[in-house]
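One letter stands for each residue in the lines below.
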Amino acid sequence: MTSASNTASTSAPRKKRSPLALTVIIVGVLVVAFFAFSGFYTDFLWYDQLGFTEVLATQWIGTSVMFLIGFIGMAVPVWLSIQLAYRLRPVYAKLSSQLDRYQELIEPLRRLATYGIPVVLGLFAGLSVAGRWKEVLLWFNSTPTGTTDPQFGLDASFYMFELPFFRGVVAFASAVILLSLILTAVVSYLYGSIHLSGRELRISKHARVQIAVLAGVYLLLQAVSIWLDQYATLTTVSSRFTGVNYADANATIPGKMILAGIAALVAILFFVTAFVGRWRLPVVGTALLLVSALVLGLAYPALVQRFQVQPNEKALETPYLQKNIDLTRAAYGLSDVQEIPYAATTDAEPGALRQDAETTANIRIIDPAVVTKSFQQLEQFKQYYSFPKVLDVDRYEIDGRSQDAVVAVRELNQAGLDANWVNSSLVYTHGYGLVAAYGNKRSSDGQPVFMQSGIPSTGELGNFEPRVYFGEQSPRYSIVGAPKGTDPIELDYPASREGDQQAYYTFTGDGGPKLDNIFKKLVYALKFQSEQIFLSSDVTNDSQILYDRDPAARVKKAAPYLDLDSDPYPSVVDGRIVWIVDGYTTSADFPYSKTVSLSNSIQDSEGGQSFALDDINYMRNSVKATVDAYDGSVKLYAWDTDDAILKTWQKIYPNTIRPISEMSGDLLSHVRYPSDMFKVQRKILGDYHVTNAGQFFSETDKWITPSDPQSKKDDPRLQPPYYLTMQMPGQDKPSFSLYSSFIPPGKGEDSRNVLTGYLAADANAGNEKGKKSADYGKLRLLTLTSGDAIPGPGQVQNTFNANQEVSKEINLLKQGQTEVINGNLLTVPVGGGLLYVQPVYVQSSGTTKFPLLQRVLVAFGDKIAFKSTLDEALDELFGGDSGASAGDGGIVPTEPGGTENPGTETPDPGTETPSTNAPVDPAKAEALRTALNDAAQAMKDKQKALESGDWAAYGTADKALSDAVDRANAALK
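These figures come from a predicted structure and were not determined experimentally.

Rules used in this analysis
Residues numbered from 1 in each chain as written. Predicted model: local features only at pLDDT ≥ 70, side-chain atom pairs only at ≥ 80, totals over all residues. Heavy atoms only, no water. Helix = DSSP H or I, 4+ residues; strand = E, 2+ residues; numbered from the N terminus. Buried < 20%, exposed > 50% of the residue type's maximum accessible area, 1.4 Å probe, protein only. Contact = heavy atoms within 4.5 Å. Areas by Shrake-Rupley, 256 points an atom, 1.4 Å probe, with all protein chains shown as cover. Expected span 1.5 Å × (residues − 1). Bend = angle between axes of the 7 residues up to and from the residue. Polar contact = N/O pair within 3.5 Å; in protein donor to acceptor, adjacent residues only side chain to side chain. Core = buried A, V, L, I, M, F, W, Y, C linked by side-chain atoms within 4.5 Å. Pairing = 2+ DSSP bridges. Axes fitted to C-alpha atoms, helices over the stretch in contact; angles between N-to-C directions. Salt bridge = Lys/Arg side-chain N within 4 Å of Asp/Glu carboxyl O. Patch = residues over 30% accessible without salt bridge, like charges linked within 9 Å, V, L, I, M, F, W, Y side chains within 5 Å. Nonpolar A, V, L, I, M, F, W, Y, C, P; charged D, E, K, R; others polar. pLDDT = per-residue confidence, 0-100. Phe/Tyr/Trp six-rings, centres within 6.5 Å; stacked < 30°, edge-to-face > 60°. Lys NZ or Arg CZ within 6 Å of the ring centre and 35° of its normal. Lys, Arg positive; Asp, Glu negative; His and termini not counted.

Visitor: Quick one: what's the story with the overall build of the protein, residue by residue and with numbers?
Guide: The number of helices and strands found in the protein is 27 helices and 33 strands. In the protein, which comprises 973 residues, the proportion classed as buried is 50%. In the protein, once contacts between residues fewer than 6 apart in sequence are set aside, the share between residues at least 24 apart is 71%. Accessible surface, the protein as shown: approximately 44700 Å² in total, 55% of it carbon and sulfur.

Next up, the structure:
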């Protein structure tokens with residue numbers, strides 16, 4: 001009966017897998033594979049259209065190769081160790097009952113474990129190593145820096161490119177050998193090669209050889225690791241400075257060399273044991289190694305530091321500190337800072353600014369962090385346009401003279417639109433125009449004076465392509481382009497006057513991958529999770545899809561080795577709007593150089609950003625990049641041709657970076673010294689302006705950047721640097737430069753907010769094609785030597801706020817529904833001293849509000865003045881005659897029909913003007929005269945309403961002005 005049942009059970013057919021389940025599994029795998037493929041394919045299309053497939057291919061190949069190396073490098077040795085330990089096990093080993101039970105449990109899974117454990121460990125190792133392809137390529141293409149370290153005499157490139165690679169290889173190999181050793185011991189124990197009987201440990205010959213060899217290799221790797229560790233002391237941060245100190249040079253480094261030798265000797269003892277079978281010597285050697293590590297690695301350096309260095313610290317550490325000072329300044333580009341003693345006067349004598357007339361005429365009174373709302377109210381026009389929170393500062397040549405300008409592009413802001421797919425993807429695709437205001441001018445009612453404005457764009461900057469398809473606020477994606485002859489559907493710009501038609505446009509550039517087949521439409525529909533991309537009849541074979549449109553993001557994808565400046569800025573260059581982006585090469589491995597947090601160093605009252613490699617001790621502005629606002633094309637220019645990191649990456653990506661010789665003169669005229677680089681340098685110079693090691697050791701002359709006087713008391717932020725065109729001591733003529741000041745460190749009431757230094761970076765790159773100005777990047781540091789204390793920004797702001805006359809006028813400005821906003825407090829070295837300038841804005845506290853510049857505060861020494869214009873304020877400050885004219889000396893009237901007035905429009909440049917020889921209609925002439933008189937009266941009413949804070953009357957007067965302008969325009973027709 002039993003036999004029959006067994007026969008029946010064995011003859012019963014196996015349960016087959018359901019065809020439906022198998023189909024579902026196959027379909028699921030295919031779907032996942034297709035999604036993965038579509039991601040790779042869209043990446044390829046994006047890079048291919050941009051012309052940077054070399055970057056993507058290198059990344060893919062590098063990642064794949066390193067994954068395979070990591071997988072094979074881990075899986076094969078581990079598998080081989082398990083196999084050898086199992087195959088060389090004793091056949092007739094006598095096992096304990098407990099091991100018998102373990103074998104019974106493990107044996108069914110042995111084959112799976114033999115292959116599964118190496119595969120799993122290999123996968124983890126491959127994924128871990130895959131991301132280190134950059135490190136390998138940097139080592140393989142290493143370029144010397146020309147700077148040698150003073151301890152070992154090695155080029156700095158060894159520490160930046162080679163040492164990280166060597167340490168990574170040793171760490172990976174150590175992990176492989178250690179895991180192999182552990183698994184060998186486990187398998188040998190389970191299968192009787194290692195037998196523990198009471199206090200006696202028996203190891204079979206084969207197990208002894210395998211374990212001893214693996215242990216010897218592991219200790220050899222540790223010997224190499226310890227040897228490499230001595231070089232890492234050059235980037236170690238001690239209590240006082242970065243780099244080798246006295247204890248390192250005389251205890252730590254010799255100790256590591258001895259330890260490496262001991263580790264190598266113990267490794268040899270393990271190799272000997274593999275053949276002679278005696279464990280006593282390697283065990284004793286291992287114990288000696290551990291004791292030596294404690295004595296030589298910890299105790300001896302600590303004793304040297306405590307009993308030899310601390311009693312004579314200054315004398316012993318000074319030579320090493322001097323190396324730190326010299327190499328820190330070299331690492332941050334500060335070796336050639338020109339230090340200029342400046343005996344600043346505090347006496348505001350009449351005519352003091354006569355020698356600084358050009359600088360005075362260029363002092364910027366328009367604050368780019370305040371006037372955003374003015375740009376929005378005067379130049380936004382529609383709810384689907386916007387400007388950034390903080391505007392940018394650039395310069396343009398107007399009538400043969402360089403003019404500082406506050407600039408921004410009118411970007412598309414889809415937050416103000418109905419959220420339907422056609423509008424967001426096909427119709428509203430781009431912003432329009434660049435708006436630029438004179439930095440040193442204001443209108444009669446306090447508005448910025450625009451050098452370029454309006455829709456269509458008109459002004460002093462000439463003709464240029466105004467459409468902005470690629471910007472900092474561009475939509476996630478847009479689909480543009482259409483077959484020839486079809487009606488355009490993209491909104492180009494809104495009607496500028498009542499009765500006009502909105503303008504439509506079809507993109508004609510090459511800005512994104514083409515959707516010229518069904519497969520591409522499908523993969524992009526999946527990427528953006530929008531079936532309309534696949535189904536819409538408006539998406540044709542001539543369509544392009546624009547995405548990844550932020551200028552910084554595009555540059556980062558094209559050059560992943562760069563850290564980018566947090567402030568890309570737009571400029572009109574060669575008839576196009578382009579974004580100029582500064583790229584940095586950084587490292588944390590430059591010998592002897594001070595390490596700082598890049599993110600913290602650039603944080604100020606205007607914000608900042610976070611970086612993947614945050615701790616750095618080397619920085620160069622190595623690349624200038626441009627992104628065309630119309631077609632998104634990216635161009636990378638090698639700016640710092642001496643930078644070893646850039647040279648190395650140029651070997652890796654030989655066809656992606658252009659030489660400076662390809663930069664046009666127009667582009668060079670808008671290149672500026674980058675603010676993030678400057679912020680890091682000013683942080684370093686706070687300590688390292690002192691170049692004498694003895695004085696540095698005493699810490700008696702440290703500087704810090706002052707807090708922004710406008711930041712909150714409970715959240716102080718550093719004062720941002722500022723761009724101005726002015727002449728520094730040591731310069732022959734004014735130059736567009738970047739500036740910041742220094743004060744002594746202190747906290748709370750102990751802080752002395754007096755100026756100790758003033759830093760300027762020449763930001764003018766010249767305007768000659770392919771040639772950088774010789775003075776570009778020159779750093780000038782004024783060190784104040786006067787016996788008189790020069791008030792710092794905090795003191796000056798406190799004086800402004802506490803002055804009774806100023807407070808009285810500010811209270812008058814605050815009457816009604818108004819609020820007062822202090823602009824940026826600029827420090828300007830003129831008149832033999834330091835002049836402070838602060839614009840003061842007034843704005844309504846109602847729903848519709850934007851700041852209007854109404855007053856300017858100035859200070860020199862202990863004197864201050866508070867007037868309607870900078871010109872008047874300077875004259876009052878310097879005894880009735882400053883000796884120079886400021887840029888706002890002749891206030892620009894708010895012209896009827898100009899874009900300075902909200903609600904009025906710029907006349908169409910295509911409209912014909914009447915000939916002066918044409919007969920004049922008396923009725924029209926009278927109407928024109930009346931309209932102009934009414935406009936003049938309305939302007940006076942606006943100014944009066946503004947001064948009294950009566951915003952209702954201001955609105956009424958503005959409407960009257962708009963009506964008068966319309967009547968004047970009608971009379972001219």
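That shown, we press on.
Visitor: Describe helix 9 (residues 246-276), with residues and values.
Guide: When the terminal C-alpha atoms of helix 9 are compared, their 44 Å separation across 31 residues agrees well with the 45 Å that a helix rising 1.5 Å per residue should span. Most pronounced at T252, the bend in helix 9 amounts to some 30°, and the proline P254 follows within four residues. At the N-terminal boundary of helix 9, the capping side chain belongs to N245, with an oxygen 3.2 Å from the backbone nitrogen of A247. In the stretch just after helix 9, G277 is the one whose phi turns positive, near 80°.

Visitor: Break down the nonpolar core for me, citing the residues and quoting the values.
Guide: Among the nonpolar cores identified, the biggest contains 134 residues, and I533 and L636 are the most heavily contacted of them. Sorting elements by how many residues they give to this core places helix 7 (residues 156-190) first, with seven residues. Sequence-distant contacts of I533, defined by excluding residues within four places in its chain, comprise W421, Y477, I479, L515, K521, Y524, A525, F528, V539 and I545. I366, L724, A873 and A884 belong to the second largest nonpolar core, which has 62 residues in total.

Visitor: Outline the environment of Y688, supporting the account with residue identities and numerical values.
Guide: Inspection of the secondary structure assignment puts Y688 in helix 21 (residues 675-688). Overall, Y688 belongs to the buried group, its relative accessible area being 3%. Residues Y688 and D326 lie 362 residues apart in sequence; the distance between their C-alpha atoms is 9.0 Å. Sequence-distant contacts of Y688, that is, excluding residues within four places in its chain, are made with N324, I325, T328, R329, K594 and F696. Here N324 takes part through its side chain, which lies 2.7 Å from a polar atom of the side chain of Y688.

Visitor: Residues and numbers for the sheet that holds strand 11 (residues 458-459), please.
Guide: Spatially, the five strands line up as an open sheet ordered 5-6-9-10-11, and their pairing is antiparallel. Two strands lie at the open edges of the sheet, namely strand 5 (392-398) and strand 11, each paired on one side alone. With seven bridges joining them, strand 5 and strand 6 (residues 401-409) adopt antiparallel strand pairing. Counted as the bridge partner of V393 is V406 from strand 6. Here helix 13 (residues 372-379) sits on the sheet in contact with strand 6, strand 9 (434-442) and strand 10 (448-453), set at roughly 60° to strand 10.

Visitor: Tell me about the pattern of salt bridges, residues and numbers included.
Guide: In this structure the tally under the stated criterion is 24 salt bridges. With a shortest N-O distance of 2.8 Å, K679 and D604 are connected by a salt bridge. Note that K679 is positioned in helix 21 and D604 in the loop between helix 18 (598-602) and strand 21 (615-616), a separation of 75 residues in sequence. What makes K679 buried here is its relative accessible area of 7%. Look at the salt bridges and you will find they share partners, linking R240, E313, E699 and K702 into a network.

Visitor: Which residues make up a nonpolar patch on the surface, and what are the values?
Guide: On the surface, a nonpolar cluster with roughly 520 Å² of combined accessible area is contributed by L265, I268, V272, F275 and V276. Note that F275 resides in helix 9.

Visitor: Kindly report on the packing of helix 2 (residues 19-50) against helix 3 (residues 53-87), identifying the contributing residues and their values.
Guide: Remark: helix 2 packs on helix 3, axes separated minimally by 8 Å, with the N-to-C direction vectors making an angle of 145°. Residues F40, D43, F44, Y47 and D48 of helix 2 form the contact with helix 3, whose participating residues are T53, V55, L56 and W60. Residue composition of the contact of helix 2 with helix 3, grouped by class: six nonpolar, one polar and two charged.

Visitor: With reference to specific residues and values, describe the side chain of T273.
Guide: Counting through the fold element by element, T273 comes out in helix 9. The contact partners of T273, leaving out residues within four places of it in the chain, are R208, R278, W279 and P282.

Visitor: Pulling in residues and values, what's your account of the confidence of the model for the protein?
Guide: Detailed reading of the predicted model is not advised wherever pLDDT is low. Taken as a whole, the protein shows an average pLDDT of 87; of its residues, 89% reach a score of 70 or greater. The weakest mean pLDDT in the protein belongs to helix 1 (residues 2-11) at 46; the strongest belongs to strand 23 (residues 634-638) at 98. Every residue in residues 1-12 scores below 50 in pLDDT, and together they form zero contacts with partners more than four places removed in sequence or on other chains. Every residue in residues 896-920 scores below 50 in pLDDT, and together they form 49 contacts with partners more than four places removed in sequence or on other chains.

Visitor: Would you mind going over the pairing of strand 27 (residues 757-762) in detail, with residue names and values included?
Guide: For strand 27, the tally of buried residues reaches six of six residues, placing the bulk of the element in the interior. Judged by which residues are buried, strand 27 turns out to be covered on both faces: G757, L759 and A761 on one side and Y758, A760 and D762 on the other are all buried. By the bridge criterion, six bridges tie strand 26 (residues 735-742) to strand 27 in an arrangement that is antiparallel. The partner of S740 across the bridge, within strand 27, is L759. Alignment of strand 27 against strand 28 (residues 779-784), held across five bridges, turns out to be antiparallel.

Visitor: Can you break down the packing of aromatic side chains residue by residue, with the values?
Guide: Overall, the coordinates contain 42 aromatic pairs when judged by the stated rule. Here the aromatic rings of Y41 and F519 are separated by 5.5 Å at their centres, their planes lie at 50°, and the arrangement is tilted. On the criterion of sequence distance, the pair formed by Y41 in helix 2 and F519 in helix 15 (residues 518-527) is long-range, its members being 478 residues apart. By relative accessible area, which is 32% here, F519 ends up partly exposed. Among the aromatic residues, those joined into a cluster by ring pairs are F34, F37, Y41 and F519. In this structure, R467 is placed above the aromatic ring of Y505, and the distance from its NZ or CZ to the ring centre is 3.8 Å. Cation over ring: K527 sits above F528, and NZ or CZ is 5.7 Å from the ring centre.

Visitor: Give me the lowdown on the side chain of E490, citing residues and values where you can.
Guide: With respect to the helices and strands, E490 occurs in strand 14 (residues 490-493). With no salt bridge to any partner, buried E490 finds its closest opposite charge in R467, at an N-O distance of 7.4 Å. There is a polar contact of 2.7 Å between the side chain of E490 and the side chain of T429. Filtering out sequence-adjacent residues up to four positions away, E490 remains in contact with L426, V427, T429, H430, Y469, V480, G481, A503, Y504, Y505, T506 and F507.

Visitor: An account of the pairing of strand 22 (residues 618-628) is requested, with residue identities and associated values reported.
Guide: Counting buried residues along strand 22, eleven of its eleven residues qualify, which places the element largely inside the surrounding structure. The sheet contact formed by strand 22 and strand 23 spans five bridges and is antiparallel. Looking at the pairing, T626 lines up with K635 of strand 23. Where strand 22 hands over to strand 23, the hairpin turn is made up of five residues, of which G632 adopts a positive phi near 75°.

Visitor: Requested: an account of the sheet that holds strand 28, with residues and values cited.
Guide: Taken together, the five strands give an open sheet; going across it, the order is 3-28-27-26-25, and neighbouring strands pair in mixed fashion. Both outer strands of the open sheet, strand 3 (338-342) and strand 25 (722-726), are each paired with one neighbouring strand and no more. Pairwise comparison of adjacent strand axes, ignoring direction, gives a mean angle of 30° for this sheet. Lying on the sheet, helix 21 is in contact with strand 25, strand 26, strand 27 and strand 28; it crosses strand 26 at an angle near 40°.

Visitor: Before we move on, can you summarise the environment of G462 with the specific residues and values?
Guide: You can see G462 is positioned in the loop between strand 11 and strand 12 (467-468). Note on G462: relative accessible area 43%, which makes it partly exposed. Expressed as a C-alpha distance, the spacing of G462 and V572, which sit 110 residues apart in the sequence, is 9.2 Å.

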